[in-house]
Amino acid sequence: MKRFFCLAITTVSLLCATAQNPAPTPPMGWNSYNCFGSAVHEDEVKANADYMATYLKPYGWQYVVVDFLWSYDNPPGSHIGNPFQKRLQDGSYIPWLTMDGYGRLTPQPTKFPTAFGGKGFKPLADYVHGLGLKFGIHVMRGIPRQAVWAKTPVLGAPGITADMIADTNSKCEWMNHMYGLDMRKPGAQEYLNSLLTLYASWGVDFIKVDDLSRPYSTAEVEGYRKAIDQCGRTVVLSVSPGATPLTDSTHVAAHANMWRMADDFWDNWKEIISMMTYARQWQGVGGPGHWPDCDMIQLGKLSKRGPVGEERYSRFTEDEAYTHITFWCIYRSPLMLGGNLPENRPFELSLFTNDEVLAVDQEGADPRLLYDRDGMVVWYSHVQGSKDLYVALFNLNDVPANVTVSLKDLGFKGGVAIRDLWRKEDIGVFRSSYNRLINPHGAGLFRFSTR
């Protein structure tokens, strides 16, 4: 009764993506932030892309995303997380970020040598595309303060300069490189349009826009959506960081393809429990083209060059790692790997290449909490095109526990065949309930099929 979903996942992801719906299923890929912070280099991005193409692409993984401060010239060995700019006597800024004549940040050639000569990220994107993958970048919302100081012209808005469209009262609390945009001002939308037109010319398929959620910036979210729609390229819009307010759920679902529900997630058991709480609040919102995001997967080699803690393999135990992947999949969160892929061990690779588990993320529907009591938690989702259900059992306690699920509570009548998706084995037919002894902080993931 084995089921092989990897080819279906890849086919659906590639064929269904359109300008109107670039994320019909939760995006799957890799992001540089958790292992390299602000200091990822081009050769490291290529090494991760090579690994993905060789080992992960057949299972639906496809996005390679350069996160955070690619326009900043990190000194050799730099572990700086959020380098603040300072002002000189004439009002200019140091460090000066790499920027074109229209106030648009460009890749720093010392980190991305193929960007030299104004080529931007196009050579790197071409390399990623040549592997059959897709390319993405992280940006901070708004416009660089140094562009405002320099009064750079806005492309597509004659007579308008950066200082005329900036909202100098709108500032990021944790990094001072940018001002927000006053989207009411003539030229503000044209500036965003020029950004996305530039990114489209580079071959960008995914853009993660940071600092849009504290407070939630309705006008700027709409501005990025409009800019993407006019750029002539299919681009996934990811909104970060959390926590996006629940009161804005309808708006963010209408304009973004994925959005963070919480602040940065790291390899700490308590943060998995917290993420489950956030997800419970957002259940019922996700669907084709718009996905609540549990944040990146904290497995493998982390923090090689910052940003949090020492260089290490994930602090999650094996049981916690299973819980991590199981919950992200049953909830249908985007799956963005955060570790340095070439340093994966066989265990990490096995977690990322179980086609039956990944199908829960890519092919499930309407994930819901069944119950949460005494540290035992059950979630389920529907198997599209059938009466089957995916069911996830979690033991959040510090001791082993039997987690039980009533088949009647799930809507079944008669016999139910149960398959263990992690073990890829059929367990048997059950008629009233099913229970499994789950390790502390562990999980099980199953497919329940009517008989």
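Residues numbered from 1 in each chain as written. Predicted model: local features only at pLDDT ≥ 70, side-chain atom pairs only at ≥ 80, totals over all residues. Heavy atoms only, no water.

Of the regular secondary structure elements, the protein chain holds 12 helices and 23 strands. In terms of its C-alpha atoms, the protein chain occupies a principal-axis envelope of roughly 75 × 40 × 40 Å. Residues classed as buried in the protein chain amount to 61% of the 451 residues present. Long-range pairs, those at least 24 residues apart, make up 73% of the contacts in the protein chain between residues at least 6 apart in sequence. For the protein chain, the accessible surface area stands at approximately 17300 Å², while carbon and sulfur atoms represent 52% of it. One finds the centroid of the 44 positive side-chain charges in the protein chain at a distance of 3 Å from the centroid of its 47 negative side-chain charges. (Helix = DSSP H or I, 4+ residues; strand = E, 2+ residues; numbered from the N terminus. Buried < 20%, exposed > 50% of the residue type's maximum accessible area, 1.4 Å probe, protein only. Contact = heavy atoms within 4.5 Å. Areas by Shrake-Rupley, 256 points an atom, 1.4 Å probe, with all protein chains shown as cover. Lys, Arg positive; Asp, Glu negative; His and termini not counted. Charge placed at Lys NZ, Arg CZ, Asp CG, Glu CD.)

This part covers the nonpolar core. One finds Trp61, Ile143, Tyr199, Phe327 and Phe394 to be the most contacted residues of the largest nonpolar core, which totals 127 residues. Counting residues domain by domain, this core receives three or more from each of domain 1 (28–353) and domain 2 (370–450). Not counting residues within four places of it along the chain, the set of residues in contact with Phe394 comprises Met276, Thr323, Thr326, Phe327, Ile330, Gly375, Met376, Val377, Trp379, Val403, Gly442 and Ala443. (Core = buried A, V, L, I, M, F, W, Y, C linked by side-chain atoms within 4.5 Å. Domains from an automatic or database assignment.)

Bringing the sheet that holds strand S17 (residues 376–383) into the picture now. Strand order in this open sheet of 6 strands is S16-S17-S18-S23-S20-S21, and the pairing throughout is antiparallel. Unpaired on one side and paired on the other, strand S16 (364–373) and strand S21 (425–430) mark the two borders of the sheet. Strand-to-strand twist across the sheet, computed as the mean angle between neighbouring axes with direction ignored, equals 25°. Where strand S20 (residues 416–420) and S21 come together, 5 bridges link them in antiparallel fashion. Counted as the bridge partner of Arg419 is Asp426 from S21. (Pairing = 2+ DSSP bridges. Axes fitted to C-alpha atoms, helices over the stretch in contact; angles between N-to-C directions.)

Let us now look at the packing of aromatic side chains. Within this structure, the stated rule accounts for 26 aromatic pairs. Measuring from centroid to centroid gives 6.1 Å for Trp61 and Phe352, while their planes differ by 65°, and the two rings are edge-to-face. Note that Trp61 is positioned in the loop between helix H3 (42–56) and strand S2 (63–66) and Phe352 in helix H11 (residues 346–352), a separation of 291 residues in sequence. Just as Trp61 is buried, Phe352 falls in that class too. A ring pair is formed by Phe327 and Tyr331, whose centres lie 5.7 Å apart and whose planes are at 10°; its orientation type is stacked. Taken together, the positions of Phe327 and Tyr331, both in helix H10 (residues 318–331) and 4 residues apart, correspond to about one turn of that helix. Across this residue pair, the class does not change: Phe327 and Tyr331 are buried. Site record: aromatic cluster; members linked through ring pairs are Phe265, Phe316, Phe327, Trp328, Tyr331, Trp379 and Phe394. Over the aromatic face of Tyr313 sits the side chain of Arg345, whose NZ or CZ is 3.8 Å from the ring centroid. Directly above the aromatic system of Tyr371 lies the positively charged group of Arg373, at a separation of 3.6 Å from the ring centroid. (Phe/Tyr/Trp six-rings, centres within 6.5 Å; stacked < 30°, edge-to-face > 60°. Lys NZ or Arg CZ within 6 Å of the ring centre and 35° of its normal.)

For the structure shown, the criterion picks out 28 salt bridges. For Arg345, the salt bridge identified is with Glu348, shortest N-O distance 2.6 Å. The class of Arg345 is partly exposed, set by a relative accessible area of 36%. Since its relative accessible area comes to 3%, Glu348 is described here as buried. We note a salt bridge from Asp420 to Arg436, for which the minimum N-O separation is 3.1 Å. With Asp420 in strand S20 and Arg436 in strand S22 (residues 433–438), the pair connects residues that are 16 residues apart, well separated along the chain. You can call Arg436 buried: its relative accessible area is 15%. Among the charged side chains, a network of salt bridges with common partners joins Lys301, Lys304, Glu311 and Glu343. (Salt bridge = Lys/Arg side-chain N within 4 Å of Asp/Glu carboxyl O.)

This brings us to the environment of Ala47. Within the secondary structure, Ala47 is located in helix H3. The partly exposed category is assigned to Ala47, whose relative accessible area is 30%. As for Ala47 and Leu246, which are separated by 199 residues in sequence, their C-alpha atoms are 38 Å apart.

Next up on the list: the domain arrangement of the protein chain. Entries for the protein chain in the domain assignment read domain 1 (28–353) and domain 2 (370–450). Measuring from the centre of the C-alpha atoms in domain 1 to the corresponding centre in domain 2 gives 35 Å. Listed by partner, the interface residues are 17 residues for domain 1 and 18 residues for domain 2. Our count for the contact surface shared by domain 1 and domain 2 stands at 1 salt bridge.

Before going further, it helps to spend a moment on the environment of Ser406. Secondary-structure assignment places Ser406 in strand S19 (residues 401–406). Remark: the alpha-carbon pair of Ser406 and Asn395, spanning 11 residues in sequence, is separated by 16 Å.

This next bit is on the sheet that holds strand S15 (residues 335–337). Pairing between the strands of a sheet is mediated by backbone hydrogen bonds and can be parallel or antiparallel. Taken in spatial order, the 8 strands line up as S12-S11-S10-S9-S5-S2-S1-S15 in an open sheet, and their pairing is parallel. Two strands close off the open sheet at either side, each with one partner strand: strand S12 (291–293) and S15. Averaged over all pairs of adjacent strands, the angle between their axes in this sheet comes to 25°, without regard to strand direction. Examined bridge by bridge, strand S1 (residues 28–31) and S15 share 3 bridges and lie parallel to one another. Residue pairing in the sheet places Gly29 in a bridge with Met336 of S15.

What follows is about the environment of Trp61. Looking at Trp61, the relative accessible area reads 2%, which means it is buried. Along the backbone, Trp61 and Val252 are 191 residues apart, and their C-alpha atoms lie at a distance of 25 Å. Trp61 has contacts with Met28, Gly29, Met52, Leu56, Leu133, Ile297, Leu335, Leu337, Phe352 and Leu358, leaving out every residue within four places of it along the chain. In terms of polar contacts, Trp61 uses its side chain to reach the backbone carbonyl oxygen of Phe352, at 2.9 Å. (Polar contact = N/O pair within 3.5 Å; in protein donor to acceptor, adjacent residues only side chain to side chain.)

It is worth spelling out the side chain of Asp361 at this point. By the secondary structure assignment, Asp361 is in helix H12 (residues 355–363). Of the buried charged residues, Asp361 lacks a salt bridge, with Arg332 as the closest side chain of opposite charge at 5.7 Å. Only 3.4 Å separates the side chain of Asp361 from the backbone nitrogen of Ser333, close enough to count as a polar contact. Every residue in contact with Asp361, bar those within four places of it in the chain, is listed here: Pro26, Trp328, Cys329, Arg332, Ser333 and Leu335.

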